[in-house]
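Examination of the molecular architecture
Next come the chains, spelled out residue by residue.
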Amino acid sequence: MHKLRNILGPLRVFDAVARTGGVTRAAEILCVTPGAVSQQLKHLEAALGGELCRKEGGELDLTDVGRQLARRAADAFDRIDN
């Protein structure tokens, strides 16, 4: 359970990044700095052992794993929030 609590915050941040399509936009919604969002993404990637997104040409693209996680996280948080 302790491990789950450690990734819920970063997972919520990842969900915001996936929904908005960018670190800066997610940071604005979450009222934190873009650096804090990037740090949380790195923490989540380290915990999961893989890359979730890449920045290419100024755009943030989710990896295959990132897209799968984004769908599952969005569903889970929608259920929690409702």
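Below you will find a few notes about this structure. (Residues numbered from 1 in each chain as written. Predicted model: local features only at pLDDT ≥ 70, side-chain atom pairs only at ≥ 80, totals over all residues. Heavy atoms only, no water.)

What about the overall build of the protein?
Secondary structure summary: the protein contains four helices and two strands in total. Traced from its N-terminal end to its C-terminal end, the protein shows the element sequence α-α-α-β-β-α. Over its C-alpha atoms the protein spans a radius of gyration of 12 Å, differing by no more than 12% from the 12 Å that the globule rule assigns to 82 residues. For the protein, the spread of C-alpha atoms along the principal axes amounts to about 35 × 25 × 20 Å. Sorting the 82 residues of the protein into buried and exposed places 29% on the buried side. For the protein, the share of sequence-separated contacts (at least 6 apart) that also reach a separation of at least 24 residues comes to 49%. Of the side chains in the protein, 12 bear a positive and 11 a negative charge, and the two mean positions are spaced by 5 Å. (Helix = DSSP H or I, 4+ residues; strand = E, 2+ residues; numbered from the N terminus. Rg over C-alpha atoms; globule rule 2.2 N^0.38 Å. Buried < 20%, exposed > 50% of the residue type's maximum accessible area, 1.4 Å probe, protein only. Contact = heavy atoms within 4.5 Å. Lys, Arg positive; Asp, Glu negative; His and termini not counted. Charge placed at Lys NZ, Arg CZ, Asp CG, Glu CD.)

Description of helix α4 (residues 64-81)
Taking 1.5 Å per residue as the helical rise, α4 with its 18 residues ought to reach 26 Å, and the 26 Å between its terminal C-alpha atoms agrees with that figure. Among the residues making up α4, those that are buried are G66, L69, A70, A73, A74 and F77. Down the axis of α4, the smallest arc covering the buried residues is 140 degrees, so these residues share one side. For α4, the exposed residues lying more than 90 degrees away from the buried face are D64, R71, R72 and R79. (Expected span 1.5 Å × (residues − 1). Arc of directions from axis to C-beta.)

Observations concerning the pattern of salt bridges
With the rule as written, the count across this model stands at six salt bridges. One salt bridge in this structure joins R19 and D78, with 2.9 Å as the shortest N-O distance. Of this pair, R19 sits in helix α1 (residues 2-20) while D78 sits in helix α4, and the two are 59 residues apart along the sequence. R19 sits in the partly exposed class, given a relative accessible area of 47%. With a closest N to O distance of 2.7 Å, E51 and R54 form a salt bridge. Sharing partners across several salt bridges, the network here consists of D15, R19 and D78. (Salt bridge = Lys/Arg side-chain N within 4 Å of Asp/Glu carboxyl O.)

Just distances and angles here, no functional claims.
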